[in-house]
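Architecture and fold: a report
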Amino acid sequence: MSPENIKELNKKPLLVGGPVIYLMSKDIRVKNNPSLMYAQRLALENKLELKVYFNLYADLSVRSYQHFAFMIKGIEEVSVKLAKLNIPLVVSTSSEKDFLTELRKNKPCILILDHSSLKHARKKQQRVAERLDCKVVTCDGRNIIPVWYLSDKEEHSARTIRPKINKLLPLFIYKNKIPAFHSYNKQGDKNLINCNKLLAKVKAKHLSDYKPQIIPGEDAALDVLGRFVNLKLDNYQETRSDPTKESTSLLSAYLHFGMISPLTIYSAVKDMDNNAAFIEELVVRRELADNYCYNNHNYDNLKGAKDWAQKTLIKHLSDRREFVYELQEFESASTHDKAWNAAQTQMLRTGFMHGYMRMYWCKKILEWSSSAETAIQTAIYLNDKYQLDGLDSNGYTGIMWSIAGIHDRPWFEREVYGSIRYMNFNGLKRKFNIDSYISKWLPKQS
Ligand SMILES: Cc1cc2nc3c(=O)[nH]c(=O)nc-3n(C[C@H](O)[C@H](O)[C@H](O)COP(=O)(O)OP(=O)(O)OC[C@H]3O[C@@H](n4cnc5c(N)ncnc54)[C@H](O)[C@@H]3O)c2cc1C
């Protein structure tokens, strides 16, 4: 791990004597976790104890009970792995204020946080940095190249960020790393997680008929990666846009919860044949998405669009729409369009929608909403509520690409969309067997 992965959130000193504390949040893993590696390095250099905390905000309203269950299983697995390394993981469910009091009691030498580009997380981290007496830093384990190092501005598109990535990537590739046994901790201080007790504290809503098919945890993520590399990578470029084939990696939820590092994935594919299209998504598109959210605080509303896109959408605001749906009609997959309803149903049942259908799904929300701003808010609400990989820079950027032309260029002008790129049902028909997709997700209607 390089020093560029670390960003100071305050100018306070290291208070040598107390433990090094790593507050895990976005990177629920042991392997290739820069925050954890940095925490242990500092603790070893200063002969200090090392503690890992996780503060579960069990009432985060946009997410469902099932999302918490996925996350808690991952935390449990990490706690078992850390216990073997003599590193305790303490899970707290306190309010932000009480949790700060809990942290202060430890008199930490330093607090290390996981990087997030999203507004709510950054504000919370800034508050912690202001209120603690010790140094507080954040480490970027979300990206291979730290977002603040890759570029100091909002990039225009994949075309402008790609050369920067190609230049810097070799500097951030290192051999897989896991922490060592931490002998400065007292033996036996293990704190294994009781999953059921934690789940009992989760207040988020249990969604009926919603059964994510992805097995939680770091080990499961590594298995999914192994299967992808052995069985699917070779044909990824040709088959990835066909939602009737399960040909993509299905790693997005693991990446979202930090159960696998993008570096681990990159290392597994970098010497394989036919890897270019996959690396473009995993590294270029994914790091471009985080660059957008990190540098543009309006990533979740129309003000985050470029001038040309705002102007064209406002110009077409009063265009007649053939269909206008309310949120509840979208949510219950009750539009006139079977392909759209099938995509929405895939997400409602499994917590995952195929990437190609996500674009169609979102563009139609623009077409059938009273305004682009309403469309953005509808898409964000549904995406964050149902996608297991939701509440992520990739989601906000994907929505802003679809509705507000982010990282795209103006296309031919048409009703409602203005110059925003258009997609239609015939395009789906040309690309793959859309009837087969519809009959899989809407068997009674096809
Ligand atoms: C409207 C819309 C909403 C989206 N919402 C989300 C979301 O909430 N969370 C999310 O992780 N992705 C989102 N995406 C991006 C993309 O569709 C998913 O990451 C991908 O479909 C996940 O499937 P996979 O893991 O099998 O992807 P693969 O095709 O196997 O790609 C590998 C990894 O690369 C990254 N990736 C792939 N495509 C993109 C992309 N276009 N932009 C950024 N990163 C990408 C993902 O981390 C993915 O897991 C959205 C895209 C759109 C158009």
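Every value quoted in this text rests on a predicted model; they were computed, and no experiment measured them. (Residues numbered from 1 in each chain as written. Predicted model: local features only at pLDDT ≥ 70, side-chain atom pairs only at ≥ 80, totals over all residues. Heavy atoms only, no water.)

1. Comments concerning the domain arrangement of the protein chain
We note that the domain assignment places domain 1 (3-142), domain 2 (143-176 + 218-295) and domain 3 (298-441) within the protein chain. Summarising the inter-unit geometry, the C-alpha centres of domain 1 and domain 3 are found 35 Å apart. Facing nine residues of domain 1, the contacting portion of domain 3 comprises 13 residues. Interface of domain 1 and domain 3: buried area, both sides summed, is about 1100 Å²; carbon and sulfur atoms make up 52% of it. In terms of surface lost to domain 3, no three residues of domain 1 exceed Arg63, Leu118 and Lys119, which account for 47% of the buried area on that side. (Domains from an automatic or database assignment. Contact = heavy atoms within 4.5 Å. Buried area = accessible area lost by both parts, 1.4 Å probe.)

2. Digging into the nonpolar core
Ranked by size, the top nonpolar core spans 77 residues in total, and within it Val20, Phe54, Leu56, Ile75, Leu82, Ile112 and Tyr254 carry the most contacts. Mapped onto the domain boundaries, this core takes at least three residues apiece from domain 1 (3-142) and domain 2 (143-176 + 218-295). Setting aside residues no more than four positions away along its own chain, Leu56 makes contact with Phe68, Met71, Ile72, Ile75, Val91, Ser92, Thr93 and Leu198. Tyr299, Trp340, Met357 and Ile380 belong to the second-largest nonpolar core, a separate cluster that totals 51 residues. (Core = buried A, V, L, I, M, F, W, Y, C linked by side-chain atoms within 4.5 Å. Buried < 20%, exposed > 50% of the residue type's maximum accessible area, 1.4 Å probe, protein only.)

3. So, the packing of aromatic side chains
Per the counting criterion, the structure on display carries 18 aromatic pairs. On the basis of an interplanar angle of 40° and a centroid distance of 6.1 Å, the ring pair of Phe70 and Tyr254 is categorised as tilted. Remark: Tyr254 occurs in helix H10 (residues 252-256) and Phe70 occurs in helix H2 (residues 65-84); sequence separation between them is 184 residues. The same class applies to Phe70 as to Tyr254, namely buried. Taken together, a centroid distance of 5.0 Å and an interplanar angle of 55° make the contact between Tyr299 and Tyr396 tilted. Of the two residues, Tyr299 is situated in the loop between helix H12 (276-295) and helix H13 (307-315) and Tyr396 in helix H18 (residues 393-404); the sequence distance between them amounts to 97 residues. With respect to class, Tyr299 is no different from Tyr396; both count as buried. One aromatic cluster in this structure is built from Phe323, Tyr325, Phe330, Trp340, Trp361 and Trp368. (Phe/Tyr/Trp six-rings, centres within 6.5 Å; stacked < 30°, edge-to-face > 60°. Helix = DSSP H or I, 4+ residues; strand = E, 2+ residues; numbered from the N terminus.)

4. What about the side chain of Gln387?
Looking at the element boundaries, Gln387 is found in the loop between helix H17 (372-386) and H18. A polar side-chain atom of Gln387 sits 3.3 Å from the main-chain amide nitrogen of Met353. Look past the residues within four positions of Gln387 in its chain and what remains in contact with it is Arg63, His67, Tyr210, Met347, Gly351, Phe352, Met353, Arg358 and Leu382. (Polar contact = N/O pair within 3.5 Å; in protein donor to acceptor, adjacent residues only side chain to side chain.)

5. Brief notes about the site of the ligand
Near the ligand, the surroundings consist of 25 residues, among which Tyr236, Thr248, Ser249, Leu250 and Asn383 are the closest. Contact distances for the ligand include 3.1 Å between an oxygen atom and a backbone N or O atom of Leu251. Separating a nitrogen atom of the ligand from a backbone N or O atom of Asp389 is a distance of 2.9 Å. Protein contact buries 91% of the 820 Å² of open area that the ligand shows by itself. Going through the elements one at a time, H10, H12, helix H16 (355-367) and H18 are the ones with two or more residues in the shell around the ligand. Looking at the shell around the ligand residue by residue, the class counts come to ten nonpolar, ten polar and five charged. When residues of the shell around the ligand are sorted by domain, at least three fall in each of domain 2 (143-176 + 218-295) and domain 3 (298-441). (Near = heavy atom within 4 Å. Areas by Shrake-Rupley, 256 points an atom, 1.4 Å probe, with all protein chains shown as cover. Nonpolar A, V, L, I, M, F, W, Y, C, P; charged D, E, K, R; others polar.)

6. Let's talk about unusual backbone geometry
One non-glycine residue with positive phi stands out, namely Asn274, at about 50°. Here the phi dihedral of His407 falls at roughly 65°; this positive angle occurs in a residue that is not glycine. Locating His407 in the fold gives a position in the loop between H18 and helix H19 (425-431). Here His407 falls in the buried class, since its relative accessible area comes to 15%.

7. Some words on the packing of H12 against H18
For the pair H12 and H18, interaxial distance at closest approach is 8 Å and the crossing angle is 85°. Viewed along their axes, H12 and H18 adopt a mutual orientation that is roughly perpendicular. Between H12, through Arg286, Ala289, Asp290, Tyr292 and Cys293, and H18, the contact on the second element is made entirely by Ser393, Asn394, Tyr396, Thr397 and Met400. Looking at the contact of H12 with H18, its residues break down into five nonpolar, three polar and two charged. (Axes fitted to C-alpha atoms, helices over the stretch in contact; angles between N-to-C directions. Parallel < 35°, antiparallel > 145°, perpendicular 65-115°, else oblique.)

8. Some points on helix H11 (residues 262-269)
Since one α-helical turn is 3.6 residues long, residues separated by three or four positions face the same way. Burial analysis of H11 places six of its eight residues in the buried class, the great majority of the element. When we look at burial in H11, the residues that qualify are Pro262, Leu263, Thr264, Ile265, Tyr266 and Val269. Residues of H11 that are buried make contact with helix H8 (218-232), H10 and H12.

9. Thoughts on empty space enclosed by the protein
Over the atoms a probe the size of a water molecule is rolled, and this reveals where empty space is left. Overall, the coordinates contain four cavities of 30 Å³ or more when judged by the stated rule. Of the voids in this model, the largest cavity is the one considered here, and its volume is about 680 Å³. Residue lining of the largest cavity: 29 residues in total, with Ser25, Lys26, Asn55, Tyr57 and Lys124 positioned closest to the centre. For the lining of the largest cavity, the secondary structure elements donating two or more residues are strand S2 (20-24), strand S3 (50-55), H2, helix H3 (96-105), strand S5 (110-114) and helix H4 (119-131). Residue contributions to the lining of the largest cavity peak at five residues, all from H4. In this structure, the second largest cavity spans a volume of roughly 150 Å³. Lining the second largest cavity are 19 residues, with Lys26, His115, Arg142, His256 and Asp392 sitting closest to its centre. Mapped onto the lining of the second largest cavity, the elements with two or more residues apiece are H10 and H12. Class assignment of the residues belonging to the lining of the second largest cavity gives a composition of five nonpolar, seven polar and seven charged. (1 Å grid on protein atoms, 1.4 Å probe; cavity = no way out; pocket = protein on both sides within 12 Å on 5 of 7 lines; lining within 4 Å. Points joined across faces, edges and corners; volume = space filled by probe spheres on them.)

10. Here we look at the pairing of strand S4 (residues 89-92)
Of the two faces of S4, the one holding Leu89 and Val91 and the one holding Val90 and Ser92 are both buried throughout. Bridging between S3 and S4 involves four bridges; their strand directions are parallel. Looking at S4, one finds that Phe54 is bridged to Val91. (Pairing = 2+ DSSP bridges.)

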